[in-house]
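# Descriptive structure summary
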Amino acid sequence: MIESITRINALLVDIKTLNGSLSIKLQKAGFNIAATLGHEDEYTLSNLLSSIDTLAVHFLTITANRNQFIQRTSFAERSDIELHLKDLHQCLRAARNELDGLEKSSLLQIDELTPYYLDENSERRPLVLCQAVEFVDRLKPYSRMLELVIAQERIHALSSVLEILLHRESAPSSLSYEDDHELTEEQSNALELSHYLIKQAL
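So, here's what we can say about the structure. (Residues numbered from 1 in each chain as written. Predicted model: local features only at pLDDT ≥ 70, side-chain atom pairs only at ≥ 80, totals over all residues. Heavy atoms only, no water.)

## Digging into the overall build of the protein chain
Our working definition: By definition, any uninterrupted DSSP run of H or I lasting at least four residues is a helix, any uninterrupted run of E lasting at least two residues is a strand, and each is numbered from the N terminus. The buried label goes to any residue with under 20% of its type's maximum accessible area, the exposed label to any with over 50%, and the partly exposed label to all in between, with areas taken from a 1.4 Å probe on protein chains only. Residue contacts are defined here by distance: any two heavy atoms, one from each residue, within 4.5 Å place the two residues in contact. Only the protein chains shown count as covering a residue, and every accessible area follows the Shrake-Rupley method with a 1.4 Å probe.
Regarding its fold elements, the protein chain presents 6 helices and 5 strands. The order of α-helices and β-strands along the protein chain, N terminus first, is α-β-β-α-α-α-β-β-β-α-α. Classification of the 202 residues of the protein chain by burial places 37% in the buried group. Once local pairs closer than 6 in sequence are excluded, the contacts in the protein chain between residues at least 24 apart make up 72%. Of the roughly 12,100 Å² of accessible surface on the protein chain, 52% is carried by carbon and sulfur atoms.

Take a look at the structure:
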């Protein structure tokens, strides 16, 4: 068993669960989910939560095939992904606890244009959730890298299937799924895609 994948998957499930509860908590506490954050105001509270959910789903999809995930990443890369996920998980837990406290506070004053509030000492503080931007940005390169690897593998598999089809004496329409055992998993997926594209073209 690959322990790093088990830990990564557990973190991803918890992150998705925690993240799913924050939008309602933000609104209950009186925050404007359209408030901007990030180094260049590249996020709103709403699309930050959406980005976190998308990342979690993407990594869960990739790690579902353990063997392929191991082949596509190094141990150092998996360790980095796990570290950044741990940081994001801790951030979301702290954000949930903070919002639970703010929702009950009678002294809360909200700056509606930004994700800041005034504490009991009238000091302006950013939401803990703002720190999630840093961890999301650290995970994005790994997400893009894996997307590229998967895309390249699919292109290669599709090319292999097309080459097989071109060299077969029978017409493509006579190709049956009984021959799929000759193909790799990626090639089988590519074959299904080619059948779909052929049908769409007809």
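Okay, back to it.
## Examining the packing of helix α1 (residues 3–28) against helix α2 (residues 45–63)
Convention followed: Every angle, taken between N-to-C directions, lies between 0 and 180 degrees, and every axis is a line fitted to C-alpha atoms, over only the stretch in contact when it is a helix. Here roughly perpendicular refers to angles of 65 to 115 degrees, roughly parallel to angles under 35, roughly antiparallel to angles over 145, and oblique to all remaining angles. Note: crossing handedness is left-handed where the near helix turns anticlockwise from the far helix by less than a right angle, and right-handed where it turns clockwise. Classes in brief: Ala, Val, Leu, Ile, Met, Phe, Trp, Tyr, Cys and Pro nonpolar; Asp, Glu, Lys and Arg charged; the others, Gly included, polar.
Contact pair α1 / α2: the axes reach a minimum separation of 9 Å and the direction vectors enclose 155 degrees. Relative to α2, the element α1 lies roughly antiparallel. Between α1 and α2 lies a crossing of left-handed hand. Of α2, the residues touching α1 (which contributes Ile5, Ile8, Asn9, Leu12, Val13, Ile15, Lys16, Asn19, Leu22, Ser23 and Leu26) are Leu45, Leu49, Ile52, Asp53, Ala56, Val57, Phe59, Leu60 and Thr63. Taken together, the residues of the contact of α1 with α2 break down into 14 nonpolar, 4 polar and 2 charged.

## Points about the pattern of salt bridges
Defined as follows: Just to be clear on terms, a salt bridge is a Lys or Arg side-chain nitrogen sitting within 4 Å of an Asp or Glu carboxyl oxygen.
This structure, assessed with the given rule, holds 7 salt bridges. Linking Arg7 and Glu3 is a salt bridge whose minimum nitrogen-to-oxygen distance equals 3.6 Å. One end of the pair, Arg7, and the other, Glu3, are both in helix α1, 4 residues apart, so they sit about a helical turn from each other. You can call Glu3 exposed: its relative accessible area is 54%. Across the salt bridge formed by Glu123 and Arg125, the nearest N and O atoms sit 3.4 Å from each other. Judged by its relative accessible area of 38%, Arg125 is partly exposed. Several salt bridges converge on common partners, so that one network encompasses Glu3, Arg7, Glu82 and Lys86.

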